[in-house]
Amino acid sequence: MPLDSTPQDKRAFKVVGTRPLRPDGIDKVTGRAKFGADATAPGMLVGRILRSPHAHARIKKIDTAKAERLPGVKAIVTRADFPDHTNGDAALFDILYNIMAREKALYEGHAVAAVAAVDAHTAREALKLIKVDYEVLPHVTDVDEAMKPNAPVLHNTILTDGVEPKPRKPSNIVRRYEFGHGDVEAGFRRADIVVERTFKTEATHQGYIEPHACLANVGPDGQGELWVCTQGHFMVRDTCARLLGMDISKLRVTASEIGGGFGGKTTVFIEPVALALSRKANRPVKVVMSRDEVFKASGPTASTSIDVKIGVTKDGRITAADATLRYQGGAFAGSPVEFGAMSAFACYDLENVRAIGYDVVTNRPKQAAYRAPGAPMAAFAVESVIEELAHKVGMAGIDFRIKNAAHEGTKSSYGPTYGPIGLLPTLERAKQHPHFKAPLGPNQGRGMACGFWFNFGGQTCVSLNVNSDGTVALSVGTPDIGGSRASMCLMAAEELGIPYDKVRAIVADTSSLGYNDVTDGSRVTFATGMATIHAARDATRKLCARAAQIWGIPEEAVTWEKGHARPAGPNAGNFPPMSLAEVAAQAGATGGPIAGHYEYSADGAGVSFATHICDAEVDPETGATRIVRYTVLQDAGKAVHPSYVEGQFQGGAVQGIGWALNEEYIYGKDGRLQNAGFLDYRIPVCSDLPMIDTVILEIPNPGHPYGVRGVGETSIVPPLAAIANAVSAAAGVRLTSLPMSPPRILAALEQQNAKRIAAE
Amino acid sequence: MVKVVVWGSLKPHTGGKAELEIEATNVRELLNRLGDAYPGLKPQLARGVSVAIDGVIFRDGWHEPLRKESEVFLLPRMVGG
Amino acid sequence: MSAIHVTTKINGDVVDYVCEADETLLDVLRNRLGLTGAKEGCSTGDCGACSVTIDGRLTCSCLVLGVEAEGCEIDTIEGMADGEALHPLQRKFLEHAALQCGICTPGILVAAKALLDTNPEPTETEVRFGLAGNLCRCTGYDKIVRAVMDAAQEMRRA
């Protein structure tokens, strides 16, 4: 059941849906906003981390004696400073192992030791003086190679789960997942046409422009402060406290402004190390990653290898769909393959469907979430086959998708039956969109794709304080990554009936508010927004009670309407409405400060769908691709601040363009990353792109009082496929590997030509 | 009795069955009794799960009520970016 | 190492500082002068988050040594607004929602101003190439380009 079970608000919104200036705007256009690396503290030291140059090596000995003697070095930490407090929590132990290597270094860039020194120069010199004795081991970085029986094994504790019989020999395959329903073999027997293909996608990085940064300050009494750029400062607090054996209450974490995250800042990397250094030195320690470290030692996404097989009847109805997905998520368990498998066919109404996923470990950095984790690669594979099938049965891709689209009442590919969903509306709007009718130039092709993401809610706590002048201070605990403070102010103002600029929202530190889950899963506008609405309603109840007191009538006889306490009806008495400011001015005399609170575990986020259309131009001489036109159509439930909803659509699409065309982790034979910088790992720049057109659809989510659905993640699901379909149409050959960089496109074109010549 | 469907690769732990009948009136009872009836599921339950009830996915919420006719699916614990 | 004395003009004010010979101008601005508006995104001149102008020329301050700024006029994001009045670019960035996380915003504003200083009537393509040295990962650049075009139009009218 939705938390607010009252029927969907049919009312016209007064401020929700408008586009006011964001409250943090001035600070951000004047350079005053304080991000992770912008903080300082008296007596601050500089922390630097020594990282493994090897992809896989046993660490036999770490000798820090020489470094310790270097003047200006105040603390050095190694694995010896991180005893295991994880109490059998396997996921937490993996984090502990990831932030500081233990018996083995598992990837190039794995932290091995760290130094705090009086300045950066001394810290760098100290790192050079630390002697690490490595025994280099064979490594593996490719997902398919890692699954082979003779592959180097990372952990001798991994015995594949979810297969029968359970293997006795360790391997790199952590777990097998299977989702689906019906009988796919029977479905394929009924098919007139079956297409089966294998796809590969390379690992990409979230590519936030702000490297990880934090400033830690721990005293000998065990009390600590941490300033950090993160998507979740409560998560940072709890994780660091548990890793370091501290009391949670003794660690106060403040979230700085955050310079992008996209999922990559949903875990810890440098934070426990900075705290350990600070504790040892009894001085504040700032640690800032270099870009090289961000690429090598934060959490990129999985690389994948995917087989898809889909069968259709001659008239274009899918009879069966089957996929096997293999995702490597770096050196530890937890690639997002289950979400790839669950979402792969989620856009379709299928009688027979199966998706099998394998979670695989390799000698790469431990993956972190990246916007709809696991889904874009699966959508790339499935939507490529869908497009091919549409052509084979002689249908336009869009009509084929409309014919097979999931709708309310469809049993989803991952199990549950859909409620009201917005896929068909995005498809129908796409079909009407002028983009679909626009002519194409030479060497251009048009592609489209659909995408799905779950979204979720999570633990949330919000506090709303009414000031004596009738303005409102709103404290939330979810870092604002793309304008959420503006959305929170809009929702509070809507509910209280006061102007937007009378509400000021801040992201409170961990000692000022109850626990909040991380800003992820497209949850903030949905879950923190819903908590804000309920906190505002809590406040209006109290405001009504105060007005009742002032008027000397019962509380039930007062209602809150249009920013005023009003007598509920003619029987309640004849009192002129009291504004929020008027009630607030008398708070002291009527019972003290007036505040609204709300804390809950939000659920009912409501799944989200998008359809993207892309025109690409491929230069047959160079293999270079240009995106000529791009349109995003997505269901937002209710767009609270439409400009920032459009921004999420556009940003997701462009990250997808980078993933599809350029971005990839390139490993050498030595297992080392060859392109750990923005010059060689090329994210889209302004001159690469056209304008990104957006269409916001609003199919209200019954699980939110205003109908809001999360919008942040779904926008990255369709682009890989939409672009692959456009490029394949332009080039006249099906591209099955990402990124579709010029060499890959040229190779595909040459192969095609060779086939043609051979046929002639 | 509530009918709960587990995902395919959990079947080795449930005697090969994807559809299980559990006596439960809310999510907490469901998860506890699933673990009792099928101890092989316990590691996955400890790693975290979500429960979909009539199409709505719950990541938390022990007290979410279950009715006899509810459509209930056990799913991996949702994550996001 | 011994520090070197440098005299510059930053945002119109004479500023003296000392720095090491191997210290970048970005480190000087951020760590010695408290001007943290310029950001370090890469330290290799690829992301543009540290953009400043030196004698009117757009520069990645991570690629310049602090000592090289001797006698130069440096303009940073901190000097862009005129007292209470935001620069039209700053205002248009807010109106167009041309920022999400905002880490790239100072650099992009400095680059956009440098572009409009030399080309007050840029086409969309010229804006796109003028900003090609500044990475933004959140917005997809759409609203940034619109904001710059709109600011340029307003500045021409003024």
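Residues numbered from 1 in each chain as written. Chains lettered and ligands numbered in written order. Predicted model: local features only at pLDDT ≥ 70, side-chain atom pairs only at ≥ 80, totals over all residues. Heavy atoms only, no water.

(A) Geometry of the overall build of chain C. Across its full length, chain C carries 5 helices and 5 strands. Taking 158 residues into account, the globule formula puts the C-alpha radius of gyration at 15 Å, and chain C, at 16 Å, falls close to it. With the C-alpha coordinates aligned to their principal axes, the bounding extent of chain C is approximately 50 × 30 × 25 Å. Sequence separation of at least 24 residues holds for 55% of the intrachain contacts in chain C that already meet a minimum separation of 6. Summed over its atoms, the accessible surface of chain C is roughly 6,300 Å², and 48% of this surface lies on carbon and sulfur atoms. (Helix = DSSP H or I, 4+ residues; strand = E, 2+ residues; numbered from the N terminus. Rg over C-alpha atoms; globule rule 2.2 N^0.38 Å. Contact = heavy atoms within 4.5 Å. Areas by Shrake-Rupley, 256 points an atom, 1.4 Å probe, with all protein chains shown as cover.)

(B) Expanded view of the side chain of T230 of chain A. Residue and element names in this part refer to chain A. Along the chain, T230 falls in the loop between strand 10 (224–228) and helix 7 (233–244). Here the side chain of T230 touches G232 through a polar contact of 3.0 Å, landing on its backbone nitrogen. Only 3.3 Å separates the side chain of T230 from the backbone oxygen of K265, close enough to count as a polar contact. (Polar contact = N/O pair within 3.5 Å; in protein donor to acceptor, adjacent residues only side chain to side chain.)

(C) Just the sheet that holds strand 4 (residues 104–105) of chain A, in detail. One open sheet accounts for 3 strands, arranged 4-2-6 (chain A); its pairing is antiparallel. Pairing within the sheet leaves two strands with one partner each, and these edge strands are strand 4 and strand 6 (131–136) of chain A. (Pairing = 2+ DSSP bridges.)

(D) Spotlight on the packing of aromatic side chains. Residue and element names in this part refer to chain A. Enumeration over the complete set of coordinates arrives at 26 aromatic pairs over all chains. Ring geometry for Y414 against F454: centres 5.0 Å apart, planes inclined by 70°, an arrangement best described as edge-to-face. Placement of the pair is Y414 in the loop between helix 12 (397–404) and helix 13 (423–432) and F454 in the loop between strand 16 (444–453) and strand 17 (458–466), with a sequence separation of 40 residues. Here Y414 matches F454 in class, with each residue buried. (Phe/Tyr/Trp six-rings, centres within 6.5 Å; stacked < 30°, edge-to-face > 60°. Buried < 20%, exposed > 50% of the residue type's maximum accessible area, 1.4 Å probe, protein only.)

(E) Molecular detail of the pairing of strand 1 (residues 45–51) of chain A. All names here are of chain A. With 6 of its 7 residues buried, strand 1 lies for the most part within the structure. With 3 bridges connecting them, strand 1 and strand 12 (residues 285–288) associate as parallel partners. Directly across from G47, in strand 12, lies its bridge partner V287. Inspection of the sheet shows strand 1 paired to strand 5 (residues 111–117) by 6 bridges, in the antiparallel sense. Each bridged residue has a counterpart across the sheet, and for R51 the counterpart in strand 5 is A111.

(F) Examining the side chain of T471 of chain A more closely. Residues and elements named next belong to chain A. Secondary-structure assignment places T471 in the loop between strand 17 and strand 18 (472–476). Take T471: its relative accessible area is 18%, and that puts it in the buried class. Here the side chain of T471 touches D469 through a polar contact of 2.6 Å, side chain to side chain. If we skip the residues at most four places from it in the chain, T471 touches N465, V466 and K502.

Function cannot be read off these values alone, since they describe shape.
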